[in-house]
Amino acid sequence: MSARTPRILIYLLRKDLRLSDNNIWHETAKLHAEGTLTHLLPLYVFNAVQVETSGFLAPDTNESPFPEARSKVGGFWRCGPHRTKFLAESLWDVKTGLEQKQSDLLLRVGHSADVVSGILDHVLEGAGEVVGVWMVEEEGTEEKEEEAAVREVAEAKEVEFKLWKDEKYFIDDDDLPLNHDASNLDNVYTNFRKDIERARKYPRQALPAPDTLPPFPSEHSVPAQPGPFVIPTTLESLISALNEPFSEGLGLANQPQMPPETTSAHPFSGGETAGRERLNHLIRSGAMTRYKETRNGLLGTDYSTKLSAFLALGCLTARQVHAALTVFEEGIDDIGADAEGFGGGENEGTAAVRVELLWRDYMRLCVRKFGARLFDLEGFQGKIGGGYGGASASTAEEGAASSSAPKWKRIPPGGMAPGGARNNATRALEAFCVGQTGQGLIDAAARELVLTGYVSNRARQNAASFLAKHLGLDWRLGAEWYECMLVDYDLASNWGNWQYVAGVGTDPRAGRVFNPVKQALDYDGRGEYIRAWVPELRGIQVVMTPAIPAAAVGAAGPSKEDEGAAAAAAAATTVHQERLMWVYQAWRMPEREKRRLGLKGVDWVEKPLVKIQFSVEGPKKPSPKQHYLHRGGRGGGAGPGFRGRGRGSPGGGSGASSSGSWRSAGGSGAGSSAGSWRRGGG
Ligand SMILES: Cc1cc2nc3c(=O)[nH]c(=O)nc-3n(C[C@H](O)[C@H](O)[C@H](O)COP(=O)(O)OP(=O)(O)OC[C@H]3O[C@@H](n4cnc5c(N)ncnc54)[C@H](O)[C@@H]3O)c2cc1C
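All figures in this text were calculated on a predicted structure; none of them were measured in a lab.

### As for the site of the ligand
What surrounds the ligand is a group of 23 residues, the closest being Tyr-291, Ser-304, Thr-305, Lys-306 and Tyr-454. Here an oxygen atom of the ligand and a backbone polar atom of Leu-307 are 3.1 Å apart. Here an oxygen atom of the ligand and a side-chain polar atom of Tyr-454 are 2.7 Å apart. Put simply, the parts of the chain that give the shell around the ligand at least two residues each are α9 (308-312), α11 (348-370), α14 (457-470) and α16 (491-502).

Set out below in structure tokens:
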């Protein structure tokens, strides 16, 4: 072989879109220095099964060789507009970083195995050599199939295939007390966490970015993208190719519009660079230290870390987050020197972030343990079995096979894809997706999700519980819709959490039901979140502020005393509890109020999918702290006032209650419990 023969290594990137803390780059640099390889070909393939690729079709073509990338039960797009954008930005950040090191990132469309096969043929025909095909392992059935297919094409051409361990998790699998066998994983997260004692001790060191990389192969060593697709050459054109399928919306009636003056809780761009900036901001601003107090927030960018999307695509690793927290806790450099907690060791906030990162590890290990049961209607608990999209998954008997199993409501085959048949369940699902169920908290969460791709953990839990337990819909429809819409979609975290909340996963209190009215009282006590995303309800004046003394706003400007009076007046603001209930459930508004707001005759106001009775009673003594709010139900605990017809939280502040014991009382029109809702005279 001539000394000039290129010896190329192909690195197929997946959810490892970063240069730092990635051993593969270091290894390729080492092999290059040793002379084992001459070139490195970093490659990313937009997998046509998971991402709709018709926007990449050449201008004179409109026939794609691939079926639409839609979900199996609900017919939703697999990857919606928020994540496609974040993904494109993340890829562009890797590409830019590689270019700065005299390398590049090759983008392709199709199936990974076909793309790799085409490259191998091209290089081998050109008398070059491919010294290996590398990729990082992922959990998930499709992901495993992809790995197997790439391995097959590589080995068929006698090219070495290597699957690398996924390094983006908090604690390395080899350091877990599982004896290298996921079947030893405890089915209860708390037990898993206890086994690990203090998570802070475990994570391995994060790696720096490589100094140098092997050069990118010459142009003629790399085959063109096979037709009928064309690869965009700018970030903007890449985003528009990916988002072309959604140019006319998501195919849902009544898709919400961005409300005026409401801002996204997740305004972040994708990529390692943006991820590092976000992480530094969280440390510098003290948000990490405050995390435990703020994490149940609903509005704003900093109540929680918003690192999930960066972690999901591997723009950041959990151990990088841990390393940054440790540097801050130990006061090693100046980042965060002015923030509370600097140099003070692990605090409640930083410890709580680590607990959440461990949840993420746990969900992934559950996927390893339970495999395809991730997609089973009956979940990890597997009361029935079957299989995602398999024959049994689409039969009516599935819900009836076990007397103890919930009777999930199904939508007709084809789901939400255009032209599909529709039934009452389809209509309820659509109302859920666009935020028109009539439950304020659920609708705000749904609209925020559609409009921004992000929604808080608190809101996700409520939404999932509502879909699965109040509406009784096949929970996988919710999981698929979230897969489509979430900017931070992660296979294990999404499906694992949906199972958990639907009561078929690893929640030891599987019967829990979140009461969205009580949850709104606990976490949106002034209705600010709901009114931010459901602007139709903004005209309801919930917060009552006593008149500020005229002197406090006098022409000469406020004196110290005046300022004090104004502050006292502000502190004495009260929440009008009856009106707050209108925000939580608009059907409770009196007719004159509906007319005033132009909501008379509006479906989601007049015929909500579910009515939950909370009655107002007792003294309405203003109290700055409680804002007239008295939480009903056992576990709500704030005295008389609203009386929820149920037990409330069994403890621990989730506000969820036990299935079977909690009942929303029915009102006229809509059914009240899962199983009996109907809208529109159904
Ligand atoms: C129905 C439902 C679906 C979800 N789908 C996803 C998903 O697709 N992708 C995803 O990353 N998370 C998912 N979660 C978990 C959680 O809601 C998000 O991780 C979190 O809201 C992201 O915001 P954050 O980064 O500000 O989180 P923070 O509160 O700041 O938490 C820090 C990090 O810990 C991890 N984390 C926190 N909570 C969980 C959890 N319950 N399970 C797993 N990891 C967690 C995330 O990586 C997160 O970035 C889902 C939760 C529910 C109830």
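Once the structure has been displayed, the description carries forward.
### Here's the deal with the packing of helix α13 (residues 440-452) against α14
Following both chains from N to C, one finds α13 and α14 inclined at 110°, their axes separated by 9 Å at the closest point. Looking at the two axes, α13 sits roughly perpendicular to α14. For α13 against α14, the interelement crossing comes out left-handed. Along its contact with α13, which presents Leu-441, Ile-442 and Ala-445, the element α14 presents Ala-459, Asn-462, Ala-463 and Phe-466. Partitioned by chemical class, the residues of the contact of α13 with α14 number 6 nonpolar, 1 polar and no charged.

### Details of the environment of Lys-607
When you line up the elements, Lys-607 lands in the loop between α22 (603-606) and β9 (614-615). Judged by its relative accessible area of 37%, Lys-607 is partly exposed. In sequence terms Lys-607 and Gly-438 are 169 residues apart; their C-alpha atoms lie 7.6 Å from each other.

### Structural notes on the UniProt feature "binding site: FAD" (unreviewed entry) in the chain
Feature annotation in UniProt places "binding site: FAD" (unreviewed entry) on Tyr-291, Ser-304, Thr-305, Lys-306, Leu-307, Ser-308, Asp-488, Tyr-489 and Asp-490, given in this structure's numbering. Those annotated residues lining the largest cavity are, specifically, Tyr-489 and Asp-490. Relative to the helices and strands, Tyr-291 is located in helix α8 (residues 287-294). Non-local contacts of Tyr-291, meaning those with residues more than four positions away in its chain, are made with Tyr-303, Ser-304, Thr-305, Gly-349, Ala-352, Val-353 and Glu-356.

### Thoughts on the packing of aromatic side chains
Taken as a whole, this structure holds 19 aromatic pairs when the rule is applied. Ring centres 6.1 Å apart and planes at 80° place the aromatic pair Trp-359 and Tyr-362 in the edge-to-face group. Of this pair, Trp-359 and Tyr-362 both sit in helix α11, 3 residues apart, which is roughly one turn of that helix. Taking relative accessible area as the criterion, Trp-359 reaches 22% and is therefore assigned partly exposed. Relative to Trp-495, the ring of Trp-475 has its centre 5.9 Å away and its plane inclined at 75°; by these criteria the two rings are edge-to-face. Of this pair, Trp-475 sits in helix α15 (residues 475-485) while Trp-495 sits in helix α16, placing them 20 residues apart in sequence. Overall, Trp-495 belongs to the buried group, its relative accessible area being 0%. The ring centre of Trp-134 lies 5.7 Å from the NZ or CZ of Lys-162, which sits over that ring. Above the face of the Trp-604 ring, Arg-447 is positioned so that its terminal group lies 5.5 Å from the ring centre.

### Considering the pattern of salt bridges
Counting across every chain of the model gives 42 salt bridges. For the salt bridge of Lys-165 with Asp-174, the shortest nitrogen-to-oxygen distance reads 3.0 Å. Notably, a salt bridge pairs Glu-167 with Arg-319, separated by 3.0 Å at the nearest N-O pair. On the criterion of sequence distance, the pair formed by Glu-167 in the loop between β5 (161-164) and α5 (189-195) and Arg-319 in helix α10 (residues 318-329) is long-range, its members being 152 residues apart. Judged by relative accessible area, Glu-167 falls into the partly exposed class, the value being 23%. Look at the salt bridges and you will find they share partners, linking Arg-14, Glu-137, Lys-144, Glu-146 and Glu-147 into a network.

### So, the layout of surface pockets
The calculated volume of the second largest pocket comes to roughly 750 Å³. Taken together, 35 residues line the second largest pocket, and the ones lying closest to its centre are Asn-47, Gln-50, Glu-142, Glu-143 and Glu-146. Broken down by secondary-structure element, the contributors of at least two residues to the lining of the second largest pocket are β1 (7-13), β2 (39-47), α2 (81-99), α3 (112-125), α4 (141-156) and α16. Here the lining of the second largest pocket takes 6 residues from α4, the largest share from any one element.

### Points about the confidence of the model for the chain
With 82% of its residues at a pLDDT of 70 or more, the chain has an overall mean of 86. Predicted confidence is poor over residues 384-403, with pLDDT under 50, and the contacts of this stretch with residues over four places away or in other chains come to 38 contacts. Scored below 50 in pLDDT, residues 618-676 makes 146 contacts in the model with residues more than four places away or belonging to other chains.

### Brief notes about the side chain of Asp-443
You can see Asp-443 is positioned in helix α13. Buried Asp-443, no salt bridge; nearest opposite-charge side chain is Arg-447, N-O distance 5.3 Å. Excluding residues that lie within four positions of it along the chain, Asp-443 makes contacts with Gly-435, Gln-436, Thr-437, Gly-438, Val-534 and Trp-604.

### Comments concerning the sheet that holds β5
Strand order in the open sheet formed by 5 strands is β3-β2-β1-β4-β5, and the pairing between neighbours is parallel. Looking at the sheet topology across the chains shown, the edges are occupied by β3 (106-110) and β5. Pairs of neighbouring strands in the sheet enclose a mean axial angle of 25°, with direction left out of account. One ladder, built from 6 bridges, connects β1 with strand β4 (residues 129-136); its direction is parallel. Its bridge partner lying in β4, Leu-12 is registered against Met-135.

Rules behind the numbers
Residues numbered from 1 in each chain as written. Predicted model: local features only at pLDDT ≥ 70, side-chain atom pairs only at ≥ 80, totals over all residues. Heavy atoms only, no water. Near = heavy atom within 4 Å. Polar contact = N/O pair within 3.5 Å; in protein donor to acceptor, adjacent residues only side chain to side chain. Helix = DSSP H or I, 4+ residues; strand = E, 2+ residues; numbered from the N terminus. Axes fitted to C-alpha atoms, helices over the stretch in contact; angles between N-to-C directions. Parallel < 35°, antiparallel > 145°, perpendicular 65-115°, else oblique. Left-handed = near helix turned anticlockwise from the far one by under 90°. Contact = heavy atoms within 4.5 Å. Nonpolar A, V, L, I, M, F, W, Y, C, P; charged D, E, K, R; others polar. Buried < 20%, exposed > 50% of the residue type's maximum accessible area, 1.4 Å probe, protein only. UniProt positions renumbered as here; feature names shortened; annotations may be inferred. 1 Å grid on protein atoms, 1.4 Å probe; cavity = no way out; pocket = protein on both sides within 12 Å on 5 of 7 lines; lining within 4 Å. Phe/Tyr/Trp six-rings, centres within 6.5 Å; stacked < 30°, edge-to-face > 60°. Lys NZ or Arg CZ within 6 Å of the ring centre and 35° of its normal. Salt bridge = Lys/Arg side-chain N within 4 Å of Asp/Glu carboxyl O. Points joined across faces, edges and corners; volume = space filled by probe spheres on them. pLDDT = per-residue confidence, 0-100. Lys, Arg positive; Asp, Glu negative; His and termini not counted. Pairing = 2+ DSSP bridges.

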